[in-house]
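Working through the structure, step by step
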Amino acid sequence: MFINENFFALNDNYLFTEIERRVNEFKRKNPDKSVIKLGIGDVSRPIPKIIVNEIKKAADEMADIKTFRGYGPETGYDFLKSTIIENEYHNLNIDISEIFISDGIAADIGNILELFAQNNTVAICDPVYPEYRDTNMMNGRKIFFMPCVAENNFVPQLPNEKIDLIYICNPNNPTGTSLNKSQMQKIVDYAVENNSVILYDGAYEKFICSDNVPHSVYELDNAKKCAIEFRSFSKSAGFTGIRCGYTIVPNDLICNKSHVSLNKLWNRRQSTKTNGVSYIIQRAAQAVYQAKKECAANIKYYMDNVKVIYNGLKEAGYEVYGGIDAPYIWLKIPNEFSGWQWFDMWLEKIGVVGTPGIGFGKSGEQYFRLSSFGNKENTLEAINRIKNFALQN
Ligand SMILES: Cc1ncc(COP(=O)(O)O)c(C=O)c1O
């Protein structure tokens with residue numbers, strides 16, 4: 001038996017474990033001190049009642065011989081696909097055959113790599129959601145990192161080498177920054193010219209507030225010839241625990257070397273390796289569109305928090321990025337501190353926890369991520385502590 005030795009090149013996934021370890025150690029030594037976590041990337045608002053009622057209704061259907069359902073279609077029920085197309089892509093001409101329902105996009109983002117040969121070159125923004133890097137490292141692919149830092153306005157620069165797979169997370173986790181339509185169009189033009197594929201992660205699409213940021217990559221000219229889009233209900237509707245997302249693989253996306261349709265390959269892969277997402281969960285996802293108002297209110301709750309963090313840090317005199325189209329703030333930390341030193345200082349002096357940017361890539365070294373997914377009271381308290389601390393130092 002031989003194992004995939006590419007796994008040896010991966011770091012231990014220690015970032016959040018290490019944060020937990022340091023916080024627990026601090027709490028053990030200081031049981032009376034309160035600690036506020038602005039580090040998490042998980043939602044905290046409960047699921048709207050309309051959605052929960054649909055889950056109960058769908059569960060009841062399973063108990064009735066007339067409405068019981070067994071295996072569903074591997075790529076998802078048409079009722080959910082057409083609801084998504086109607087609500088998310090109504091003037092973008094996405095066909096029902098182009099949409100694939102899944103149990104969240106973390107799986108799709110990793111699994112899609114099965115369609116691509118190992119010798120493809122890959123470009124990934126740095127810093128970014130670590131899954132893109134790790135899944136390609138597991139396959140032993142050559143990765144070009146595209147630094148996204150304040151000096152280049154967090155806009156990735158494609159390398160001179162020809163790139164086959166380009167990852168874009170827009171709006172970006174962890175920087176909370178976004179690419180506008182003209183910046184995205186340049187990347188699409190590059191991909192069309194070079195027969196590259198863009199893997200476009202729109203996990204934070206519902207947080208977009210700026211008019212000129214695309215909600216879908218397919219708003220850009222020719223994107224159907226070169227882009228796969230991933231969208232999730234996790235952050236948009238609080239489904240991190242419920243689990244549902246979808247991937248769009250356009251029929252126009254053809255590999256010019258082997259003249260093969262990526263849609264057909266993905267369909268073949270999914271139909272072989274999955275029996276689909278639970279009927280009950282797909283009814284829950286459909287109900288997200290009945291609960292648009294409630295979901296939007298939850299997003300507003302987080303975006304109000306993000307404004308509190310952004311404005312508070314600015315008032316405290318810090319250099320701050322992100323937070324306009326995303327629930328994340330990217331704080332520039334002074335050069336004399338490392339991310340972990342900053343982490344320890346805030347934890348010990350004011351009991352506020354964030355995430356060192358280095359956990360998301362080398363170019364995150366001088367930054368610190370703060371998330372707005374916590375509750376309002378804690379967010380206000382954390383910002384007061386940060387401001388007081390900054391004034392005293
Ligand atoms: C950028 C990005 N993509 C994908 C995911 C995973 O989404 P899902 O919960 O649908 O698997 C996350 C989760 O934090 C994320 O931040």
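Residues numbered from 1 in each chain as written. Predicted model: local features only at pLDDT ≥ 70, side-chain atom pairs only at ≥ 80, totals over all residues. Heavy atoms only, no water.

1. Some words on the site of the ligand
In the vicinity of the ligand there are 13 residues, among which Asp201, Tyr204, Ser232, Ser234 and Arg243 approach most closely. Between the ligand and Asp201, the relevant distance is 2.6 Å, taken from a nitrogen atom to a side-chain nitrogen or oxygen of the residue. Side-chain polar atom of Tyr204 to an oxygen atom of the ligand: 2.7 Å apart, as the coordinates give it. Protein contact buries 91% of the 400 Å² of open area that the ligand shows by itself. For the shell around the ligand, the elements supplying multiple residues, two or more each, are helix 4 (105–111) and helix 7 (234–237). For the shell around the ligand, the class distribution of residues is 6 nonpolar, 4 polar and 3 charged. (Near = heavy atom within 4 Å. Polar contact = N/O pair within 3.5 Å; in protein donor to acceptor, adjacent residues only side chain to side chain. Areas by Shrake-Rupley, 256 points an atom, 1.4 Å probe, with all protein chains shown as cover. Helix = DSSP H or I, 4+ residues; strand = E, 2+ residues; numbered from the N terminus. Nonpolar A, V, L, I, M, F, W, Y, C, P; charged D, E, K, R; others polar.)

2. Digging into the environment of Asp103
Residue placement: Asp103 occurs in the loop between strand 2 (99–102) and helix 4. Sequence spacing of Asp103 and Ser232 is 129 residues, and the spatial spacing of their C-alpha atoms is 8.9 Å. Each residue touching Asp103, except ones within four places of it in the same chain, is listed here: Arg243, Cys244, Gly245 and Val277. (Contact = heavy atoms within 4.5 Å.)

3. A short note on the side chain of Ser236
If you trace the backbone, Ser236 turns up in helix 7. In this structure the side chain of Ser236 is engaged in a polar contact, spanning 3.2 Å, whose partner is the backbone oxygen of Ser232. Setting aside residues no more than four positions away along its own chain, Ser236 makes contact with Lys206, Cys295 and Ile299.

4. Things to note about unusual backbone geometry
Along the chain, Asp126 connects to Pro127 via a cis peptide bond; the corresponding omega equals 5°. Examined against the element boundaries, Pro127 turns out to sit in the loop between strand 3 (121–126) and helix 5 (131–138). A cis amide bond, omega -5°, links Asn170 with the succeeding residue Pro171. Following the sequence through the fold, Pro171 ends up in the loop between strand 5 (165–169) and helix 6 (181–194).

5. Points about the domain arrangement of the chain
When its domains are assigned, the chain resolves into domain 1 (5–47 + 292–392) and domain 2 (49–287). Taken over C-alpha atoms, the centre of domain 1 sits 26 Å from the centre of domain 2. The interface is formed by 33 residues belonging to domain 1 together with 43 residues belonging to domain 2. When residues of domain 1 are sorted by the area they lose upon contact with domain 2, Ile47, Asp325 and Phe360 head the list and together hold 25% of the total. Across the domain 1-domain 2 interface, the total number found is 0 salt bridges. Joining domain 1 to domain 2, the criterion identifies 15 residue pairs in polar contact (both at pLDDT 80 or more). (Domains from an automatic or database assignment. Buried area = accessible area lost by both parts, 1.4 Å probe. Salt bridge = Lys/Arg side-chain N within 4 Å of Asp/Glu carboxyl O.)

6. A short note on the packing of helix 3 (residues 78–88) against helix 9 (residues 279–287)
Where helix 3 meets helix 9, the axes come as close as 9 Å, and the angle between the chain directions of the two elements is 20°. Accordingly, the angle class assigned to the pair helix 3 and helix 9 is roughly parallel. Like other packed secondary-structure pairs, helix 3 and helix 9 cross with a definite hand, here left-handed. When helix 3 is examined against helix 9, the residues Phe79, Leu80 and Thr83 are found in contact with a partner set consisting of Tyr279, Gln282, Arg283, Ala285 and Gln286. Partitioning the contact of helix 3 with helix 9 into residue classes produces 4 nonpolar, 3 polar and 1 charged. (Axes fitted to C-alpha atoms, helices over the stretch in contact; angles between N-to-C directions. Parallel < 35°, antiparallel > 145°, perpendicular 65-115°, else oblique. Left-handed = near helix turned anticlockwise from the far one by under 90°.)

7. As for a nonpolar patch on the surface
Where nonpolar side chains cluster on the molecular surface, the patch consists of Met1, Ile3, Phe7 and Phe8 and spans about 540 Å² of accessible area. As for its placement among the helices and strands, Phe7 is situated in the segment before helix 1 (15–29). We classify Phe7 as partly exposed; its relative accessible area is 43%. (Patch = residues over 30% accessible without salt bridge, like charges linked within 9 Å, V, L, I, M, F, W, Y side chains within 5 Å. Buried < 20%, exposed > 50% of the residue type's maximum accessible area, 1.4 Å probe, protein only.)

8. Topic: the pattern of salt bridges
In total, this model carries 21 salt bridges according to the counting rule given. What you see here is one network of salt bridges that share partners, running through Glu88, Glu205, Lys206, Glu229 and Arg231.

9. A look at the environment of Trp330
Residue position: Trp330 is located in strand 12 (residues 328–332). Of the residues examined, Trp330 reaches a relative accessible area of 0% and is grouped as buried. It is 30 Å that separates the C-alpha atoms of Trp330 and Tyr89, two residues lying 241 residues apart in sequence.

10. Observations regarding the side chain of Thr355
Tracing the sequence through the fold places Thr355 in strand 14 (residues 355–356). Assessed through its relative accessible area of 0%, Thr355 is described here as buried. Not counting residues up to four positions away in its chain, the partners in contact with Thr355 are Leu15, Phe16, Ile19, Gly39, Phe360, Phe368 and Arg369.

11. Some details on the sheet that holds strand 3
The mixed open sheet is built from 7 strands, whose spatial order is 2-8-7-6-5-3-4. Looking along the sheet, the strands with just one partner apiece sit at the ends: strand 2 and strand 4 (142–147). Going across the sheet, the axis of each strand differs from the next one's by a mean of 20°, ignoring polarity. Pairing between strand 3 and strand 5: 2 bridges, direction parallel. Each bridged residue has a counterpart across the sheet, and for Val122 the counterpart in strand 5 is Leu165. Against the sheet, helix 3 contacts strand 2, strand 7 (227–232) and strand 8 (245–248), and its axis sits at roughly 115° relative to strand 2. (Pairing = 2+ DSSP bridges.)

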